[in-house]
2 protein chains.
Amino acid sequence: MPTYLEQELAAAKVDHLELKHFFYDSKERYEAVQKLDALFDADPLFQNPENDHFLSRSEQVRLAIERGFRAHAILKKNRDLLGMHSPMHGDGGMPVGRFTGSMCGLTDHYALFVQTIMGQGTPEQIREWLPKALNLEIIGTYAQTELGHGSNVRALETVATYDETTDSLVVNMPTITAMKWWPGALGLLATHAVLHARLLVKGKDLGYHTVMVQLRDEHHKPLAGVEVGDIGPKMGGTTMDAGYLSLHNVRIPRTNLLAKFQQLAKGGEYTRAPKQLAKIGYMTMMKARVTLVWGAMGYLSKGNAIVFRYAAFRRQGFVDSKAGIAGGEKKILDHVILQSRLFPLVGLQLALFFSSRHLANLLKKFDEVVKKAGKDIESIDTSMLPELHATSAGMKAFGTEMVLAGLEEGRKCCGGQGFTYSSGIARIVLDYIPNVTFEGDRIPMALQTSRVLLGALAGKVPKTGSFAYLARSGRPSLRRVDDVEHIVSVWEGIARNAVNTVGRQLYFSARKHKSQEKAWEANTVRLLTMAQAHTLYQFVDHFALGLKELPAKAQPTATLLFRLFALTKLIEIPVVVSGLTASQGQAIDREVKALLKGIRPNILAFTEAPAFSDRTLNSLIARNSDDIYEGLVDWAKRSPLNKPEFSESLHKDVLSKTLNAKYLAENNARSKL
Amino acid sequence: MPTYLEQELAAAKVDHLELKHFFYDSKERYEAVQKLDALFDADPLFQNPENDHFLSRSEQVRLAIERGFRAHAILKKNRDLLGMHSPMHGDGGMPVGRFTGSMCGLTDHYALFVQTIMGQGTPEQIREWLPKALNLEIIGTYAQTELGHGSNVRALETVATYDETTDSLVVNMPTITAMKWWPGALGLLATHAVLHARLLVKGKDLGYHTVMVQLRDEHHKPLAGVEVGDIGPKMGGTTMDAGYLSLHNVRIPRTNLLAKFQQLAKGGEYTRAPKQLAKIGYMTMMKARVTLVWGAMGYLSKGNAIVFRYAAFRRQGFVDSKAGIAGGEKKILDHVILQSRLFPLVGLQLALFFSSRHLANLLKKFDEVVKKAGKDIESIDTSMLPELHATSAGMKAFGTEMVLAGLEEGRKCCGGQGFTYSSGIARIVLDYIPNVTFEGDRIPMALQTSRVLLGALAGKVPKTGSFAYLARSGRPSLRRVDDVEHIVSVWEGIARNAVNTVGRQLYFSARKHKSQEKAWEANTVRLLTMAQAHTLYQFVDHFALGLKELPAKAQPTATLLFRLFALTKLIEIPVVVSGLTASQGQAIDREVKALLKGIRPNILAFTEAPAFSDRTLNSLIARNSDDIYEGLVDWAKRSPLNKPEFSESLHKDVLSKTLNAKYLAENNARSKL
Ligand SMILES: Cc1cc2nc3c(=O)[nH]c(=O)nc-3n(C[C@H](O)[C@H](O)[C@H](O)COP(=O)(O)OP(=O)(O)OC[C@H]3O[C@@H](n4cnc5c(N)ncnc54)[C@H](O)[C@@H]3O)c2cc1C
Ligand SMILES: Cc1cc2nc3c(=O)[nH]c(=O)nc-3n(C[C@H](O)[C@H](O)[C@H](O)COP(=O)(O)OP(=O)(O)OC[C@H]3O[C@@H](n4cnc5c(N)ncnc54)[C@H](O)[C@@H]3O)c2cc1C
């Protein structure tokens, strides 16, 4: 008999296999991923991940690291399958976690350390470190944040002082707040760090630079002057070794300054980066942000896969309340109210898919510009940077916030089960939580977007690409709820109006305060709203454009999902921004009901498109089989708390002190009568 | 030198001590609580709770249970201090967790098991079980939810069959989905359960009843026919032993049927509860809900205390961006944007304080009604029940949701630190999470409120008490943002309009569908909105009424907090409900800026009013001292992951397989040159 899931997919008019091919770019690539999945499935190290939840943190960390190394080996050996040279290469959208189902500090090694070498190293430096990093001969951390400073990167205190006599740099952290704090892979794994430090040469502060510092020796012991460790247990990311680092008089060769854009010659002569490249040091962060937007889509896809499977399995609530249990119970997915909470999340998933693809393409283009320039860095055309900057920051800020809220809403829809680790979704929420914070939370991120938008208003940034709409005009009011183009144009109008209005307010505020900075601080709430309106418009726009690319059979439902997403978001933003009237709100409410109904039959085809296996979902409430309750009970029985020794000693040492043994014995005897 | 916190309090115009007395009812009671706190502070078992985070779950559970028993002893010995006969008696607003800083299954024993005996037992039954339960001679669980059924309590499958030959009841769980699943204290502690089961007598199904079942014997081993254990690790409530239970042919005396309202005589003659008391079996749940609304206030108070302390300690962002570090950095609490995220949470805290007090008073009144009736249960006047029912359900639904969202927003405002367990706030969020789910999540809860509201519309429930506004009319539009009464009247109008509109829609929908039930299902989203509007109005109303009771010096700031809360909520609800125009939205935006500024100087006096000590906050980022960074580093170093053995074996078994020892050694040597 087909499982609950197979029944759902069979009844759908949308072909989930076609969608899988689409989301994995092609049939071939999809099948390659399936082959890789099978290799992981066959490896004993990846079996029964549901038991991980019974382990102590130390045991979990160790297992996750072992799996990370094993994954590295498997992916390296099978690099032809996906055309990957290493677990991260050429494959931004599919991190190692896709296959391992768990994560460890190697993720940061690939995504931050390797990227920094590639982006900021000279050809010689790349030759020196990159192959070793890709082979895990060295493992690195990206060490920027300090105990005293996260958002305010301009106040970091670590210094690298040039010592002419030995032609080396001496790295120091002069205060406790200067300790590096948070870098991933630092706690246990890293042999090296790409470290943010102020460069001091001949008493002159040359600002922030990145230097390569070895931290641990061949026995993996900290080098002299290095104090390093894990920062302790966290609410999620249990298996990640976020670390602390204190450096005192640690000497590194001058040539360890990453020098693609600026150089320090022997003797201390310093060549500044060309002016237009001053901020290119932040490219690693920008790339990381793009990865985070992809990642937002990935996490939400996984969360949705779990939640929708369970919602299609779980039955709760009588079909006919008079008939009671005899009339059967509804799948919770068939409750309109649950649909209204869950279906917009599938819309968000699609919006993020098309938007992150767009962002990744922008980044690729810029990478090509840099590559083409070669050694002639002066010739790099940086005109794309503002757009890349604004879009990645905004999508990071609002994409991650929406995904976290969405995952949590999905989790809640699972009722009590969503709260146990057996559900899978609980751990996903916890692991996702820091995504809204790291690389900067929604405030610094969104304000960066606002700054570029104001630049565009002021004519300092060209009104092209994603700013092109600022050169247009008009603010159509919502007249029809069934017309994709019209809905996009409403969003365009909202975004433009928000940018223009806030721009004007800031102008007057600056005149009043006689200070650009005070005006900025006084208007941060509005500046955020403006960045939000702009970014949501981008999401809506990319989603609408993407619709036409989908397999023909999937387009009608995808269009309903688009409308659901774009219309419900319209209700969510403050009325000051949306300009929505109560009667427009009512029209949306009515339409939402119809949309939910239209979407329902095909929804599982969409949530199954990312093609997670039972093993990678690691969710006992979402297995593709009908014995889900049996699985939950079986898992519970394996819990360490259920070992007889545990409860025996608890009874002996604690409970027996107050429990009334005599009464319990008597009463027991009595009930046997 | 005064600490950062002492400085804040000294600079405030509001006297935090006066507020403390107010929130603890009186100076005397506040001081009694302080004395109790000191007793716990002095007990070694409660020291250094920050180290709990390093323990395995089994160790944490054991420690929490030991602390629960110790707390029981301390509170019993010092019962005169608070006039408490047991840790829970007469003191709904101050659970044991207030003092222990941790929780265990005993919480459920007190709040659910004991309450059920008191509420549903006959005088004889109460005499038999209550003293033993209060002395922990027996420990109990409240076992309602089953693996297959949570929200739909009408579909529970456990049966208790009357066996005439032995004059006993035989309890059975016929299917896997009938297993009890989730009850707190069941996993490890409970000797007894008050169990929800369908009563079958002579082949007749008499519906749900509560029976007392002994589960474990004098050695704390499961009795024959009993299978019991912990359901496994969860994302929060780590130290709670939520359990599973399977019963097969477990025989209990007929007299174990809780029989205050209905009786089963020897031979099987059954006396039904008087009609108006049919639903009184749910009183335990209603009381639990009231506790949950108090608890929402308690959790938020604790979270706010942590977050505001850290925000007053942490500095991030230059005062003057040109001057850079030389010009100093701002407290993050001084960033307008952070204020806009955090200050409304203090408003919510006050709203919950006054609302839960109101709710507790309602409950007390009804308890007196029942008490007065004595054995003559027919004479119980149940006219208060609909109000108690609707208000407690609505406040549970929306209060817990707002508090969870608020705690999480506060946590995010701590940046990265909010993510580590050292912060305290991380654990609070996790432990709070299930509060939105248990006893029923916002959907069944809010729909109960809607049902009573529709009853009031239809004239089946009197329009008195919190429904009195439905008998009035009018819908004032927001004209002034500075007038408390006007703002309340706007909320009243919104609530009334929502109830009337949805009532009308449902009426027409029922005619269209020719079925009340289909109309209900088709309109659940609207029904929720209606319950939300009603409940928010209640919160706003109780808050406004409470203002005048506060100490005179605190009233001006409290009034600003009221306006901030009531106005920002107005923006948050959908425009269809608020009827807000864009220009009213702008007026609120402007006012919010002024409100934040006015509130800022006194805010810490409010967040400190609940008087948590450093120990009970258990937050290393919120200690009342200026060496917070030192404390974080010190804690991290104690983490098990930083034991040399751990990283040595990790290196030997895993890392050394790929790391390039030769390169690491050479390079290390080179940098020493
Ligand atoms: C799991 C995790 C992994 C991480 N990995 C790395 C890593 O690999 N490498 C690395 O270098 N770092 C890493 N980080 C650090 C991360 O980048 C920082 O946590 C982040 O930048 C926020 O800084 P903070 O924690 O110091 O928060 P803070 O800067 O202290 O911010 C606290 C609050 O104040 C607000 N705030 C701060 N300044 C302003 C302002 N000017 N105006 C208004 N509001 C303001 C913030 O929005 C926030 O709400 C990691 C963090 C986490 C949680
Ligand atoms: C930490 C914790 C402690 C608990 N302690 C106890 C305890 O001590 N004793 C006890 O008996 N129970 C306890 N419970 C169980 C708790 O009361 C249930 O989890 C709760 O009632 C929800 O039921 P469920 O988990 O079965 O969710 P479900 O009923 O399966 O609900 C799943 C989802 O479907 C939705 N849904 C269900 N029915 C409908 C409908 N008709 N219309 C629309 N939507 C619907 C729900 O809103 C939810 O989003 C506890 C639970 C937790 C998490």
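Reading the values: the criteria
- Residues numbered from 1 in each chain as written.
- Chains lettered and ligands numbered in written order.
- Predicted model: local features only at pLDDT ≥ 70, side-chain atom pairs only at ≥ 80, totals over all residues.
- Heavy atoms only, no water.
- Helix = DSSP H or I, 4+ residues; strand = E, 2+ residues; numbered from the N terminus.
- Buried < 20%, exposed > 50% of the residue type's maximum accessible area, 1.4 Å probe, protein only.
- Contact = heavy atoms within 4.5 Å.
- Areas by Shrake-Rupley, 256 points an atom, 1.4 Å probe, with all protein chains shown as cover.
- Lys, Arg positive; Asp, Glu negative; His and termini not counted.
- Charge placed at Lys NZ, Arg CZ, Asp CG, Glu CD.
- Axes fitted to C-alpha atoms, helices over the stretch in contact; angles between N-to-C directions.
- Parallel < 35°, antiparallel > 145°, perpendicular 65-115°, else oblique.
- Nonpolar A, V, L, I, M, F, W, Y, C, P; charged D, E, K, R; others polar.
- Salt bridge = Lys/Arg side-chain N within 4 Å of Asp/Glu carboxyl O.
- Near = heavy atom within 4 Å.
- Polar contact = N/O pair within 3.5 Å; in protein donor to acceptor, adjacent residues only side chain to side chain.
- Pairing = 2+ DSSP bridges.
- Least-squares fit on C-alpha atoms with pLDDT ≥ 70 in both.
- UniProt positions renumbered as here; feature names shortened; annotations may be inferred.
- Buried area = accessible area lost by both parts, 1.4 Å probe.
- Domains from an automatic or database assignment.

*Asks:* Got a minute to help me understand the overall build of chain A in this structure?
*Replies:* In terms of regular secondary structure, chain A is built from 24 helices and 13 strands. Out of the 673 residues in chain A, the part that is buried amounts to 65%. Pairs at least 24 apart in sequence give 72% of the contacts found in chain A among residues at least 6 apart. Just so you have it, chain A exposes about 24,700 Å², and 55% of that area is on carbon and sulfur atoms. Here chain A carries 83 positive and 68 negative side-chain charges, and the mean point of each set is 5 Å from the other.

*Asks:* Sorry, what's going on with the packing of helix H16 (residues 524-547) of chain A against helix H10 (residues 336-373) of chain B here?
*Replies:* Packed helix pairs are specified by the crossing angle of their axes together with the interaxial distance, meaning the distance between the axes. At a minimum axis distance of 8 Å, the contact between H16(A) and H10(B) shows a crossing angle of 85°. Considered as vectors, H16(A) and H10(B) are oriented roughly perpendicular to each other. Two secondary-structure elements touch here, H16(A) through A:Thr524, A:Val525 and A:Leu528 and H10(B) through B:Val336, B:Ile337 and B:Ser340. Residue composition of the contact of H16(A) with H10(B), grouped by class: 4 nonpolar, 2 polar and no charged.

*Asks:* How do you make sense of the pattern of salt bridges when you look at a structure like this?
*Replies:* Opposite charge on two side chains lets them pair, provided their charged atoms get close. Residue and element names in this part refer to chain A. Per the counting criterion, the structure on display carries 78 salt bridges over all chains. Notably, a salt bridge pairs Asp634 with Arg638, separated by 2.8 Å at the nearest N-O pair. Of the residues examined, Asp634 reaches a relative accessible area of 41% and is grouped as partly exposed.

*Asks:* Looking at this structure, how should I read the site of ligand 2?
*Replies:* As a matter of local geometry, ligand 2 sits amid 30 residues, with A:Arg314, A:Gly416, B:Thr145, B:Ser151 and B:Asp441 nearest to it. Bordering ligand 2 are residues originating from chains A and B. Here an oxygen atom of ligand 2 sits 3.1 Å away from a polar atom, N or O, in the main chain of B:Gly150. Residue B:Gly184 places a main-chain N or O atom 3.0 Å away from an oxygen atom belonging to ligand 2. Bound to the protein, ligand 2 loses 90% of the 980 Å² it would expose on its own. Secondary structure elements with two or more residues in the shell around ligand 2: helix H10 (336-373) and helix H11 (385-413) of chain A together with strand E1 (140-143) and helix H13 (442-457) of chain B. Residue composition of the shell around ligand 2, grouped by class: 14 nonpolar, 11 polar and 5 charged.

*Asks:* What's the story with the sheet that holds strand E4 (residues 180-181) of chain A in this structure? I'm lost.
*Replies:* Backbone-to-backbone hydrogen bonds join strands into a sheet, with any given pair of strands oriented parallel or antiparallel. Residues and elements named next belong to chain A. Taken together, the 3 strands give an open sheet; going across it, the order is E4-E8-E7, and neighbouring strands pair in antiparallel fashion. Lying at the two open borders of the sheet, with one neighbouring strand each, are E4 and strand E7 (226-230). Relative to strand E8 (residues 243-247), E4 runs antiparallel, the two being bridged by 2 bridges. Bridge pairing links Lys180 to Leu245 in E8.

*Asks:* So what exactly am I meant to see when it comes to the side chain of B:Thr191 here?
*Replies:* Its place among the elements puts B:Thr191 in the loop between strand E4 (180-181) and strand E5 (192-201). Each residue touching B:Thr191, except ones within four places of it in the same chain, is listed here: A:Leu659, A:Leu664, B:Ile138, B:Ile139, B:Val213, B:Gln214, B:Leu215, B:Arg216 and B:His220.

*Asks:* Even after reading the chapter, I still don't get the side chain of A:Arg314, so can you show me in this structure?
*Replies:* Tracing the chain through its elements places A:Arg314 in the loop between helix H9 (283-313) and strand E12 (315-318). Within the buried set, A:Arg314 has no salt-bridge partner at all; the shortest N-O distance to an opposite charge, 7.7 Å, is to A:Glu329. For A:Arg314, the side chain forms a polar contact with the side chain of A:Tyr629, separated by 2.8 Å. When residues no more than four places from it in sequence are discounted, the contact partners of A:Arg314 are A:Lys330, A:Lys331, A:Ile332, A:Tyr629, B:Leu147, B:Gly148, B:His149 and B:Gly150.

*Asks:* When you look at the relation of the copies chain A and chain B in this model, what are you seeing that I'm missing?
*Replies:* Rotating chain A by 180° and translating it 0.0 Å along the rotation axis places it on chain B, where the RMSD comes to 0.0 Å. Both copies of the chain, as the preceding transformation shows, are related through a two-fold rotation axis. By C-alpha distance to the rotation axis, the residue of chain A lying nearest is A:Ser56, at 2.7 Å. A shared interface surface links the copies, since 100% of the contact residues of chain A are contact residues in chain B too.

*Asks:* How should the packing of helix H11 (residues 385-413) of chain B against helix H16 (residues 524-547) of chain B be read in this particular structure?
*Replies:* Residue and element names in this part refer to chain B. For the pair H11 and H16, interaxial distance at closest approach is 9 Å and the crossing angle is 80°. In terms of their interaxial angle, H11 and H16 are classed as roughly perpendicular. Contact with H11, carried on its side by Gly394, Met395, Phe398, Gly399 and Met402, involves Leu528, Ala531, Gln532, Thr535, Leu536, Gln538, Phe539 and His542 of H16 and no other residues of that element. Its residues placed into classes, the contact of H11 with H16 shows 7 nonpolar, 6 polar and no charged.

*Asks:* I keep staring at the UniProt feature "active site" (unreviewed entry) in chain A and nothing clicks. Help me out?
*Replies:* Residue and element names in this part refer to chain A. Under the UniProt annotation, "active site" (unreviewed entry) lies at Glu439. The residue Glu439 is located in the loop between helix H12 (425-432) and helix H13 (442-457) in this model. Beyond its immediate sequence surroundings of up to four residues, Glu439 is in contact with Leu112, Met285, Ala288, Leu292, Lys396 and Met445.

*Asks:* Sorry if this is basic, but what is going on with the interface of chain A and chain B here?
*Replies:* Size of an interface: often given as the accessible area lost when the parts come together. Each partner contributes residues to the interface: chain A has 149 residues there, and chain B has 149 residues. A buried area of about 12,400 Å², summed over both sides, lies between chain A and chain B, and 61% of it is on carbon and sulfur atoms. Looking at the side of chain A facing chain B, the largest losses of area belong to A:Met235, A:Phe419 and A:Leu641, adding up to 6% of the total buried there. One can count 14 salt bridges joining chain A with chain B. We note a salt bridge from A:Glu648 to B:Lys221, for which the minimum N-O separation is 2.7 Å. In this assembly, chain A and chain B are joined by 54 residue pairs in polar contact (both at pLDDT 80 or more). Here the side of chain A that touches chain B takes 8 residues from helix H24 (residues 661-672) of chain A, the largest share from any one element. Here the side of chain A that touches chain B is built from residues that sort into 63 nonpolar, 45 polar and 41 charged.

*Asks:* Got a minute to help me understand the domain arrangement of chain A in this structure?
*Replies:* Residue and element names in this part refer to chain A. Splitting chain A by domain gives domain 1 (1-22 + 283-626), domain 2 (143-265 + 277-282) and domain 3 (628-660). Here domain 1 and domain 3 have C-alpha centroids that lie 43 Å from each other. A combined buried area of about 790 Å² lies between domain 1 and domain 3, and 69% of that area is made up of carbon and sulfur atoms. Among the residues of domain 1 in contact with domain 3, Phe313, Leu620 and Arg623 are the three that bury the most area, contributing 50% of the side total. Here domain 1 and domain 3 share 0 salt bridges between them. At the surface where domain 1 touches domain 3, the tally comes to 2 residue pairs in polar contact (both at pLDDT 80 or more). When its residues are assigned to classes, the side of domain 1 that touches domain 3 shows 6 nonpolar, 3 polar and 3 charged.

*Asks:* Can you help me understand the UniProt feature "domain: Acyl-CoA oxidase C-terminal" (unreviewed entry) in chain A in this one?
*Replies:* Summarizing the sequence annotation, UniProt attributes the feature "domain: Acyl-CoA oxidase C-terminal" (unreviewed entry) to residues 483-652 of chain A in the numbering used throughout. Across residues 483-652 of chain A one finds 76% helix and 0% strand; the C-alpha atoms that close the span lie 70 Å apart.

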